[in-house]
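Observations on the three-dimensional arrangement
In case you want the letters, here they are:
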Amino acid sequence: MSSATLADLSDTLVWLAVLSYVVAAPLLGLELAYRSRWAGRAGVAVAIAGLAANLGAALTRGLAAGRVPWGNMYEYSMMVAAVVVTGWLVWVARRREVRPLGLFVLLLAALAIAAAALTLRVPAGPLVPALNSGWIKVHVVAAIIGTATLSLSSVFSALYLVAERNERRAAPRPPLVAGGARTADRAEVDEAIAGYAVEELEATEAAEAPATGRRLKDLLPPAARLDDLAFRTTAFGFPIWTFAIMAGAIWAQSAWGRYWGWDPKETWSFITWVVYAAYLHARATAGWRGRSAAWVSVLGLVAFVVNFYVVNTWVVGLHSYAK
Amino acid sequence: MAVQAPPTTRPEPGSPTPQLGELLRQAWREFRSMRTALVLLFALAAASIFGSLFPQRPISPQRVEQYLLDHPAAGPVLDRLGMFDVFGSAWYTAVYVALLAALVACLLPRTRSLVRMLRSRPPRASARYARYHNHAVLAAAVPPEQATEAARRVLAGRRYRLAGHPGGELAAEKGYLREAGSLLFHVAFLLLLVGLAYGKGFGYRGQISVVEGEEAANARVNYDSFTPGRFFGPGQLPRFTLRLDDFANAFHPDGTPSRYAASLTALDGSGRQLRRQTVTVNHPMTVDGIRVYQSDYGYAPVVRVTVKGRDGKPVTPQDGPLLTLRDPVTEVSNGAVKLPMLDPQIGLDVTMFTGLLTGDGPGGRPTLANDPRLVNPVLVVFGWRGELNADRAQSVFTLDRSGLQPLADRPLVIPFGGERDLPGGLGTVAFTGVKQYSVLTLARDPGVPLVAGGAALVLVGLLPSLYVTRRRVWVRAEPAPGGARVELAGLALQGKPAFAEEFRRLVAEVERALGRSPGGPAGVTLTADAAPPPVREPGAARHETRSRPGGT
């Protein structure tokens, strides 16, 4: 096939992927709402088809341009979506109960591709000399995985905020009393014990109470679960994002002669890093745990969006590969 | 910075106003608290945003000048606020210095408490075992001492730190790597910043342009731009000379650049060859600790201008490569020849096309286009006469046209190898060749090893600080009919679900070990949660739904 045909095929596949994700998401929504196993399985099947189209779109584009398929922000978004969906599918294979959360995962993926296809799309073309390096595999792949996991964790945090508010309104929790002897760090122990109690309470409540309402906020998993998911995805994504920035610095050192130069893209990846670092700190701070920390994580997603759409399209810098 | 502020001591009601010392102590506690660190982190993120909103002088001074021209009202105000050099401004420095100070202030007590924790023994359980989420009771057919010993061996095998307490309680704890990793992460981050500052202070950065076949000594005068660190003296520039043997650039079929390559030779003071390398965009050369990068290029058409001097005899004030400024999009280059020694003064605007393509556009009007490859170089020269204002600061690539009148209404179009007469018999311009010049970035950054080491340690510390969890296990064996009743409790300060699983396996292992204890029969009955059903009291009632470790 000629490279023009391949590029056209890629453009078709990309929309097929968006379509599949958009179809699969409400199926998983059905599972979330009505605990319909059938809808959940169908949703996963459609999502796998969508992932195949997504990867096919990336592959054909790479072949059309004769290089790795992450040479510009449009392709980057495509890869982020593929990583997000792959990660969710792997997770589903190990823990079935996260399947309904695919509703949000797939919507995020579809949104990422569609927004990029509409605003950041460029014809398939070769790389500029600065990008032509082995580091494009290391730096950009790490950045893709980091973006995918960290933005996913922010989505979980946002859902946590909804679920937490819902639970708080439904049943104000009585203060927990934890007794016991005084030890050097009694506060820590009490807190750990109290933490269990809350988690268990929520788990039993969720297991016992059937989903009564049909509004989104009534269908969410328990807030504590979402908070835990958000933290664990951040714990996975943050070191990868850290590494992505470092690999970028090493590359910049060899391409531009400085490892850090406050280029707008560098500045925003640093801002994103600081915000997620603040989230991790907030989560370990009394008075910030819970809602405040979750808001910080949501702020991280905002930073990603700015880095993507604002910095790539409006701000001129060395990283201007979008146009 | 996981230090939590100890509860601030408030003055007792009725006591006199707090002493200054107490106030300072309180302020210090507040300063090193996580709240302060969080606020400073947000301030740092917010402050950085400004650096991406406005053009920055250290990165693109031309764009700052343009911004100031475009915004005559707001520009100077923003300039005074440091918006065009955010990362070097006083307020940005204040934020990160405060963050670093808070970081150090928080790391010191944390290090102290980690050391104290490593020196002290794992503490006793702070509650009845049955109150812990992870709880198990085993029946052993051996005396309590032997049962405890079996559990001790299991825990030691799992690398728990152990301590025996009065009453036969065995306390075990592990997961100190979490705090150690977190401390390492923060110290490494400090190290990275120290390296950054050191490199900035003692390094330098600058650009040198060299024409093919020519040489440029590594001396301050040869730099087009030069940004030394605060502690870098020009005498510290190592003496060598760079010769550009050849420059080559290539394009993809769609006209975008694919490769720039500068063949460079570095020579020492006596002309001996130090290094010879093809420097491309991702492959710099290192000479005497200085890294040489290929960063840009341009064309230097070889131009010979012959004019009549004041005494009427022909002179050639310009004979050789003329440096021009290349437009990176069209690959059309612009330069200027200035002849202030003539009367009236003469200036020539010189435009070089790499591949001039002419055609017919709509309505029969001729169109001009340029092929970025060097296929049909053409020089277009437009002459001016009058006052060049050469005494004013101006670009070498352009003429100051304020005091100039055009020599003619049409430019001279000179093909490669051609020669054309200037209007009015002033002289001739010949286009005899095309050379390229390479813009090389030379940089020395002695902080790089520190920064790289700091970055590596940041990652090394980050992983355990996120994934290792601190957990405690307590074991107590009491005499019981037929042997001992062994009770275990476990507590994880983080990662509770994973610990529940670990605790289950641990209990199973202790159970097997009890079976193997000398003198004991093989069979061990396990009675999970053998404790009497706890009373459902408000609050405490929530602890009762617990996992049943190893339940049979």
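The rules behind these values
- Residues numbered from 1 in each chain as written.
- Chains lettered and ligands numbered in written order.
- Predicted model: local features only at pLDDT ≥ 70, side-chain atom pairs only at ≥ 80, totals over all residues.
- Heavy atoms only, no water.
- Helix = DSSP H or I, 4+ residues; strand = E, 2+ residues; numbered from the N terminus.
- Buried < 20%, exposed > 50% of the residue type's maximum accessible area, 1.4 Å probe, protein only.
- Contact = heavy atoms within 4.5 Å.
- Areas by Shrake-Rupley, 256 points an atom, 1.4 Å probe, with all protein chains shown as cover.
- pLDDT = per-residue confidence, 0-100.
- Pairing = 2+ DSSP bridges.
- Polar contact = N/O pair within 3.5 Å; in protein donor to acceptor, adjacent residues only side chain to side chain.
- Axes fitted to C-alpha atoms, helices over the stretch in contact; angles between N-to-C directions.

**Re the overall build of chain A**
Helices and strands together make up the secondary structure of chain A, namely 10 helices and 0 strands. N-terminal to C-terminal, the α/β element order of chain A is α-α-α-α-α-α-α-α-α-α. Counting across all 323 residues of chain A, residues that qualify as buried make up 60%. Sequence separation of 24 or more characterises 79% of the internal contacts of chain A that already satisfy a separation of 6 or more. Carbon and sulfur atoms form 67% of the exposed surface of chain A, whose accessible area is close to 13300 Å².

**Section: the confidence of the model for chain A**
All names here are of chain A. On average, residues of chain A score 80 in pLDDT, and 81% of them reach the 70 mark or higher. pLDDT under 50 marks residues 175–184. Its contacts with residues more than four places away, or in other chains, come to 20 contacts. Long-range and interchain partners of residues 204–214, a stretch whose pLDDT sits below 50, account for 9 contacts in this model, where long-range means more than four residues apart.

**Looking at the side chain of Thr242 of chain A**
Relative to the helices and strands, Thr242 of chain A is located in helix H8 (residues 223–255). Discounting residues that sit within four places of it in the chain, Thr242 of chain A has contacts with Trp273 of chain A together with Val458, Leu459 and Leu462 of chain B.

**A word on the pairing of strand S12 (residues 314–321) of chain B**
Regular strands place side chains that alternate from one sheet face to the opposite one. Residue and element names in this part refer to chain B. Strand direction decides the pairing type here: strand S11 (residues 290–308) and S12, joined by 6 bridges, are antiparallel. Along S12, the bridge assignment pairs Val303 with Gly320. Count of turn residues in the S11/S12 antiparallel hairpin: 5 residues, of which Gly312 carries a positive phi of about 90°.

**Points about the side chain of Ser157 of chain A**
All names here are of chain A. With respect to the helices, strands and loops of the structure, Ser157 is situated in helix H5 (residues 135–170). Among the polar contacts listed, one links the side chain of Ser157 to the side chain of Ser297, at a separation of 3.1 Å. The contacts of Ser157, once residues within four sequence positions are left out, are Ala230, Tyr279, Ala294, Ser297 and Val298.

**Some details on the sheet that holds strand S23 (residues 471–480) of chain B**
Residue and element names in this part refer to chain B. Strands sit in the order S1-S24-S23-S3-S2 across an open sheet of 5 strands; the sheet is antiparallel. Both outer strands of the open sheet, strand S1 (134–140) and strand S2 (161–165), are each paired with one neighbouring strand and no more. Direction aside, neighbouring strands of the sheet carry axes that sit 15° apart on average. As defined by bridge partners, S1 adjoins strand S24 (residues 483–492) across 7 bridges and the pair is classed as antiparallel. By the bridge assignment, Val137 is partnered in S24 with Glu487. Sitting on the sheet, helix H6 (residues 144–157) touches S1, S2, strand S3 (169–174), S23 and S24, and the angle it makes with S23 is about 160°.

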